[in-house]
Amino acid sequence: MPVKISDKIRMMTGNEACAEGAIAAGCLFFGGYPITPSSEIAEYLSRRFPIIGGKFIQMEDEIGAMGSVIGAALTGMKAMTATSGPGFSLKQENIGYASMAEVPCVIIDVQRGGPSTGMPTLPAQMDVQQARWGTHGDRGVIALTASSAQETFEQTIHAFNLAERYMTPVVLLIDEITGHTTEKVTLPDYDSIERVDRKRPTEPPETYLPYKYTDDCIPTLAPFGTGYRYNVTGLCHNETGFPTNDPKEIERLILRLTEKIVKNRHEIINCKRTMLDDAEIAIFAYGSVARSARQAVLQLREEGIKAGLLEPTVLWPFPSEIVLKIAEQVDSFLVAEMNLGQMAREVELASKCKASIHRLNRVDGSPISPPQIVGKIKEVV
Amino acid sequence: MFDYLPYIREWNFPHIWCSGCGDGIVLKALIRATDGLGIHRDEAVMVSGIGCSSRTPGYVDVNTLHTTHGRALAFATGVKHASPNLNVIVVTGDGDATAIGGNHYIHAARRNIDITVLLYNNYIYGMTGGQVSPTTRKGDRASTAPFGSIEPPFNISGLAKAAGASFVARGDVYNVKKLEKLIKLAIQKKGFSLLEILSPCPTAWGRRNKMGHPVQLMEWLRDSTVSMEKWEKMTDEEREGKIRTGVLHDVARPEFTDEYAKLVKRLKAEK
Ligand SMILES: Cc1ncc(C[n+]2csc(CCOP(=O)(O)OP(=O)(O)O)c2C)c(N)n1
Ligand code: SF4
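Residues numbered from 1 in each chain as written. Chains lettered and ligands numbered in written order. Predicted model: local features only at pLDDT ≥ 70, side-chain atom pairs only at ≥ 80, totals over all residues. Heavy atoms only, no water.

Some words on the overall build of chain B
Move 1: From N to C terminus, chain B includes eleven helices and eight strands.
Move 2: For 271 residues, the compact-globule estimate of 2.2 N^0.38 gives 18 Å, and chain B sits close to it at 18 Å.
Move 3: On the principal axes, the C-alpha backbone points of chain B span a range of 65 × 45 × 35 Å.
Move 4: Burial analysis of chain B (271 residues in total) assigns 55% to the buried set.
Move 5: Of all intrachain contacts in chain B linking residues separated by at least 6 positions in sequence, the fraction that spans at least 24 positions is 68%.
Move 6: Here chain B has roughly 11,600 Å² of accessible surface; of this, 55% comes from carbon and sulfur atoms.
Move 7: Side-chain charges in chain B split into 35 positive and 28 negative, and the spacing between the mean points of these groups amounts to 3 Å. (Helix = DSSP H or I, 4+ residues; strand = E, 2+ residues; numbered from the N terminus. Rg over C-alpha atoms; globule rule 2.2 N^0.38 Å. Buried < 20%, exposed > 50% of the residue type's maximum accessible area, 1.4 Å probe, protein only. Contact = heavy atoms within 4.5 Å. Areas by Shrake-Rupley, 256 points an atom, 1.4 Å probe, with all protein chains shown as cover. Lys, Arg positive; Asp, Glu negative; His and termini not counted. Charge placed at Lys NZ, Arg CZ, Asp CG, Glu CD.)

Written out as structure tokens, the structure reads:
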């Protein structure tokens, strides 16, 4: 349980900060299934939701949990689930459904090592490509990351806002280290938090089209029970929400599912920059590894090595244009991550051979430490 | 003549079902039943999985949610828990509910959440072309049991009762008046109500099992279904090959969303 330090300051784990962030975002539905290292999020909300007017349910499995979240979201509630590797795999079919039917919801993945049951209590970043390609079919994807309890609190709120804004499932990927580390979190005044709510129809039910084509590519789904009776399906559908086999309609839908994210990528993409302006070598790191990378940059600078850090807080859509710009400036990139190079592939693609790409990977369940990064950089420069 | 038009989405017709399929008969019975109950269309949510039967919601003018294969009850649980005032009806097939969705089926029944389930049992996977299902009878042929199924079938009504459903009934598409009555009872009942509807599939099941003509299937239903009253008076020998229809189980049990509301109240009082 969080420890209250002052009115606004708490000592809490990343998982607790995530749950508190969900409450701050206006989330009122949680459907989950226990799995280490994410379970504290469910536990926290099972205590809080019955008191603050929210709905909690522990479902029979992760597939059911994801289904319940989509069902709740369609009644107008902000809804979420939390899981880790094996559960994230099970949720994929229904995450694809939420993409196809454009139902806003948030999925928290507190990453542990895989494949399979892997390392239940140890950190990894092995789900970052699953967040992009885990479900079948082509679609636009939004996935965020966070490196501390404070950032997890903020990114959880942001995840809900993006979900509601773009009518899509949003994944927040943290890892076991962030989820389980207790640290200081400064809570904002909840009344001052910027919350985005999905568009509501302004036209009467007779002329309402749930998936109407608009310039912003974003549909307007009325909550069930508000007098707008429409159809929601995972089949390819037209503007009415009913299934279609018309090739033109199908193409329009599939392109739109990607376009609504790609077109708005500049609004979605976000990177933190540390000493990059004059850097000759850029570290690319995210999640808990970014914390070690920040330390490493300071130490390298002290030793006269011009290192900088690019830390994406949004992994998908991938910040390709930003990476290319930096690649044109630096000699090389070091991509440090707790997997075998899942994001290094993206950095390689985006940098178009303008810089050499080096990798620092760790898959033994141990964190990547600042000295490790310092050592690797000295090896490559 | 009953006017179905106000309840259907006429623009989605013709429907996808084969001629002779029982699913259209259920659709009509369902509409008559909901009309009789005076259910407000804005407050009704019809949720289905994937299959021929699961296409039903597309034709009914309420809030409709056509989900993933087997998961209708999970989505419906989210809808009902989030908005208990909504009237939630699930339409599902035997494969959808008891094979891939078996876990959600038993747990929704265990929670006794106030959802009405219309489970169309056609003894086969209709939509995908007649593969064996958990309710295919031993010896019946299916596209993936070309020599006859060697597995015993599920008793899906018994399963719902054992798992905790407060209402379990069985109807069929031959005895339509009775079916309509059973749908009404299932919707009216608070808690998890399971209505198994025998709606045999001529195309994928009948043809492979010497009942290719829809009339033969209707005759089979006529001759093999018996009412509960009759069943009680029959000897074990007479019961052989017969199927009971009517209300099989009806008890009062605490309902999930009520229990959640009680918890909320208790916590408020303690504060
Ligand atoms: C995850 C998944 N697996 C398999 C399928 C293919 N599939 C579609 S419908 C169906 C069976 C439907 O049978 P049933 O539930 O009995 O309904 P019916 O068509 O007989 O009414 C299957 C296996 C699917 N859509 N999704
Ligand atoms: S395949 Fe069978 S269940 Fe499906 S529509 Fe045809 S007759 Fe009905």
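Describing the domain arrangement of chain A
Residue and element names in this part refer to chain A.
Move 1: Here the domain parsing of chain A yields domain 1 (8-192) and domain 2 (271-380).
Move 2: Centre-to-centre separation of domain 1 and domain 2, based on C-alpha positions: 26 Å.
Move 3: The interface is formed by 26 residues belonging to domain 1 together with 25 residues belonging to domain 2.
Move 4: Both sides of the domain 1 and domain 2 interface together cover about 2,000 Å² of buried area, and 53% of this is carbon and sulfur.
Move 5: Run the count over domain 1 and domain 2 and you get two salt bridges.
Move 6: Between E151 and K272 there is a salt bridge whose closest N-O contact spans 2.2 Å.
Move 7: Where domain 1 touches domain 2, the interface holds 16 residue pairs in polar contact (both at pLDDT 80 or more).
Move 8: Of all the elements in the fold, those that place two or more residues in the side of domain 1 that touches domain 2 are β7 (119-123), α5 (128-133), β8 (142-145), α6 (149-166), β9 (169-175) and α7 (176-180).
Move 9: Of the residues belonging to the side of domain 1 that touches domain 2, the class tally is 14 nonpolar, seven polar and five charged. (Domains from an automatic or database assignment. Buried area = accessible area lost by both parts, 1.4 Å probe. Salt bridge = Lys/Arg side-chain N within 4 Å of Asp/Glu carboxyl O. Polar contact = N/O pair within 3.5 Å; in protein donor to acceptor, adjacent residues only side chain to side chain. Nonpolar A, V, L, I, M, F, W, Y, C, P; charged D, E, K, R; others polar.)

Notes on the side chain of T135(B)
Residues and elements named next belong to chain B.
Move 1: Here T135 shows up in the loop between β4 (116-121) and α5 (156-163).
Move 2: Here the side chain of T135 touches D94 through a polar contact of 3.4 Å, side chain to side chain.
Move 3: Setting aside its immediate chain neighbours within four residues, T135 contacts D94, N121, Y123, I124, P153, F154 and I156.

Things to note about the sheet that holds strand β3 (residues 87-93) of chain B
Move 1: Sheet architecture is open: nine strands sit in the order β11(A)-β2(B)-β1(B)-β3(B)-β4(B)-β6(B)-β5(B)-β8(B)-β7(B), paired in mixed fashion. Looking at strand neighbours, the two that pair on one side only are β11 (231-233) of chain A together with β7 (225-227) of chain B, the edges of this open sheet. Geometrically, the sheet is characterised by an average inter-axis angle of 20 degrees between neighbouring strands, direction not taken into account.
Move 2: Where β11(A) lies against strand β2 (residues 63-66) of chain B, three bridges are found, and the strand directions are parallel. Residue pairing in the sheet places N231(A) in a bridge with T64(B) of β2(B).
Move 3: Sitting on the sheet, helix α1 (residues 23-37) of chain B is in contact with β1 (44-48), β3, β4 and β6 (193-198) of chain B, with an inclination near 160 degrees to β4(B). (Pairing = 2+ DSSP bridges. Axes fitted to C-alpha atoms, helices over the stretch in contact; angles between N-to-C directions.)

A closer look at the environment of T226(A)
All names here are of chain A.
Move 1: Along the chain, T226 falls in the loop between β10 (182-186) and β11.
Move 2: The partly exposed category is assigned to T226, whose relative accessible area is 38%.
Move 3: Along the primary structure T226 and T75 are separated by 151 residues, whereas in three dimensions their C-alpha atoms are 8.8 Å apart.
Move 4: A polar contact is formed between the side chain of T226 and the backbone oxygen of P223, at a distance of 2.6 Å.

What to know about the interface of chain B and chain A
Move 1: In this complex, chain B contributes 38 residues to the contact, which on the side of chain A involves 37 residues.
Move 2: Between chain B and chain A lies a buried interface of about 3,100 Å² when both sides are counted; carbon and sulfur atoms form 59% of it.
Move 3: Among the salt bridges present, the one from D61(B) reaches R229(A), with a minimum N-O distance of 3.1 Å.
Move 4: At the junction of chain B with chain A, the criterion picks out 19 residue pairs in polar contact (both at pLDDT 80 or more).
Move 5: Counting only elements with at least two residues in the side of chain B that touches chain A, the list comes to β2, α2 (72-82), α4 (102-111) and α11 (256-270) of chain B.

A few points about the site of ligand 1
Move 1: Residues in contact with ligand 1 amount to 17 residues; listed here are only the nearest, C52(B), S53(B), D96(B), N122(B) and G126(B).
Move 2: Looking at what sits near ligand 1, you find residues from chains A and B.
Move 3: The contact in question runs from an oxygen atom of ligand 1 to an N or O atom on the side chain of D94(B), over 3.4 Å.
Move 4: Within the complex, the protein chains bury 77% of what would otherwise be the 590 Å² of accessible surface of ligand 1.
Move 5: No other element matches the four residues that helix α3 (residues 94-100) of chain B contributes to the shell around ligand 1.
Move 6: Looking at the shell around ligand 1 residue by residue, the class counts come to six nonpolar, eight polar and three charged. (Near = heavy atom within 4 Å.)

A word on helix α12 (residues 344-351) of chain A
Residues and elements named next belong to chain A.
Move 1: Along α12, the residues that are buried comprise A344, E346, V347, A350 and S351. Looking straight down α12, one finds that the buried residues subtend no more than 155 degrees of arc, so they occupy a single side. Exposed side chains of α12 directed beyond 90 degrees from the buried face belong to R345 and L349.
Move 2: Contacts made by the buried residues of α12 are with α5, β13 (281-284), β15 (314-316), α11 (320-329), β16 (332-337) and β17 (356-361).
Move 3: Where α12 terminates, the next one or two residues include K352, which has phi positive at roughly 45 degrees. (Arc of directions from axis to C-beta.)

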